[in-house]
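Examining the three-dimensional arrangement
As a plain string of letters, each chain reads:
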Amino acid sequence: MGRAHEVRAASMAKTAAMKSAKYAKWGKEIFQAAKAGVPDPEMNQGLKRTIERAKKDQCPADVIKRAITKAQGVASGASKEKVYEGYGSGNVAIIVECLTDNDNRTFTEVRTAFNKTGGTIGTSVSYMFNRKAQFVFEGLTEDEAMEALMMAECDFEDMTTDADGFVTIYAAPNQFEGIKAALEGANPEIEFEECSVDLIPTTYVDLDEDHEAKFKRLLSLLRELDDVSEIYHNANITEDEE
């Protein structure tokens, strides 16, 4: 088919991967908003706003529905959370959070993904991460965000602005709702790149080409599993590259 076909195929694959990462981000935000309150947008204004923003970003309806269904399963006790820890290729620490109604199935699927890509499961790595509220956004300057948080009496640990103008805030998990409300109050049109409570690595690992390829394969396999709700790792690769 020639070089042109290969280039087009590679471009399509990259676009699909970027869309997948974006939809995964919205799924995470919707799930967390639903889990934080009632998993019904008519009774949970935070969830309703998150869904509206996801739709505006062309997030598919099935991604939204699946995230809410997962939260409903947790609320009803039909599903439970399981966490698996281990190392990916290149000694990358990785934590996989799952929602499952069948422990054996989920463990087998996660272990298979690790085994196929040269990883190991069952070693504790959680000490390498701290759970924090994380906000990455545009629409407010650092000074404007600082003023909004001071007015709302919200505490935070760190605030920085990158070269592209995105502001990043880290805070204790219990400050999440207050900070989110304060930022949205300062600018209802604020655009969040990240808005969640995540496990943040204390250190990062650089990978050579071979290990990076294997680790990206592990991420891809895990993201294909229905029971996987979140993946945390300390590999020094960008989201678009993943």
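We now turn to the structure provided with this report. What you are looking at is a predicted structure, and each value in this text was computed from that prediction instead of being measured.

Reading guide: rules and limits
Residues numbered from 1 in each chain as written. Predicted model: local features only at pLDDT ≥ 70, side-chain atom pairs only at ≥ 80, totals over all residues. Heavy atoms only, no water. Phe/Tyr/Trp six-rings, centres within 6.5 Å; stacked < 30°, edge-to-face > 60°. Helix = DSSP H or I, 4+ residues; strand = E, 2+ residues; numbered from the N terminus. Buried < 20%, exposed > 50% of the residue type's maximum accessible area, 1.4 Å probe, protein only. Lys NZ or Arg CZ within 6 Å of the ring centre and 35° of its normal. Pairing = 2+ DSSP bridges. Axes fitted to C-alpha atoms, helices over the stretch in contact; angles between N-to-C directions. Core = buried A, V, L, I, M, F, W, Y, C linked by side-chain atoms within 4.5 Å. Contact = heavy atoms within 4.5 Å. Arc of directions from axis to C-beta.

**Some thoughts on the packing of aromatic side chains**
How two aromatic rings sit relative to each other is given by the distance of their centres and the angle of their planes. Within the structure shown, the criterion is met by four aromatic pairs. Between Phe137 and Phe192, the ring centres sit 6.1 Å apart and the planes meet at 70 degrees, which makes this aromatic pair edge-to-face. Of this pair, Phe137 sits in strand S4 (residues 129-138) while Phe192 sits in strand S7 (residues 191-201), placing them 55 residues apart in sequence. An identical accessibility class is assigned to Phe137 and Phe192; each is buried. In textbook terms, an aromatic cluster arises when at least three aromatic residues are bridged by ring pairs, as seen for Phe135, Phe137, Phe176 and Phe192. Its end group placed over the ring of Tyr170, Lys132 keeps NZ or CZ at 5.8 Å from the ring centre.

**Concerning the sheet that holds strand S5 (residues 158-161)**
Sheets are built from strands paired through backbone hydrogen bonds, the pairs being either parallel or antiparallel. What the four strands build is an open sheet, ordered S5-S6-S4-S7; its pairing is antiparallel. Sheet topology places S5 and S7 at the edges, where each strand pairs with a single neighbour. Between one strand axis and the next, the sheet turns through 20 degrees on average, direction left out of account. Sheet topology places S4 next to S7; 10 bridges connect them, and they run antiparallel. Looking across to S7, one finds that Phe135 is bridged to Cys195.

**A closer look at the nonpolar core**
Ile94, Val96, Val110, Phe114, Phe215, Leu218 and Leu222 are the most contacted members of the largest nonpolar core, which totals 20 residues. At the level of secondary structure, the elements contributing two or more residues to this core comprise strand S2 (92-100), helix H4 (103-116), helix H7 (209-223) and strand S8 (228-233). Those residues in contact with Phe215 that sit more than four places away from it in its chain are Gly88, Ser89, Val92, Ile94, Leu207, His233, Ala235 and Ile237. Core analysis: the next-biggest nonpolar cluster, separate from the first, contains 19 residues, Leu149, Cys154, Ile179 and Phe192 among them.

**With respect to unusual backbone geometry**
The phi angle at Gln58 is positive, at roughly 65 degrees, despite the residue not being glycine. You can see Gln58 is positioned in the loop between helix H2 (45-56) and helix H3 (61-76). Of the residues examined, Gln58 reaches a relative accessible area of 63% and is grouped as exposed. Positive phi, normally seen in glycine, also occurs at Glu153, with a value near 60 degrees. Secondary-structure assignment places Glu153 in the loop between helix H5 (142-151) and S5.

**Observations regarding H5**
The set of residues buried in H5 consists of Ala145, Ala148 and Leu149. Down the axis of H5, the smallest arc covering the buried residues is 95 degrees, so these residues share one side. When the buried face of H5 is taken as reference, the exposed residues oriented beyond 90 degrees from it are Asp143, Glu147, Met150 and Met151. Summarising the contacts, the buried residues of H5 are in contact with S4, S5, strand S6 (167-171) and helix H6 (176-186). Where H5 terminates, the next one or two residues include Glu153, which has phi positive at roughly 60 degrees.

**A few points about the sheet that holds strand S1 (residues 80-88)**
The sheet built from four strands is open, its strands ordered S3-S1-S2-S8 with antiparallel pairing. At either margin of the open sheet sits one strand with a lone partner, and together these are strand S3 (120-121) and S8. Judged from the nine bridges that link them, S1 and S2 form a sheet pairing that is antiparallel. Bridging across to S2, Glu85 finds its partner in Ile95.

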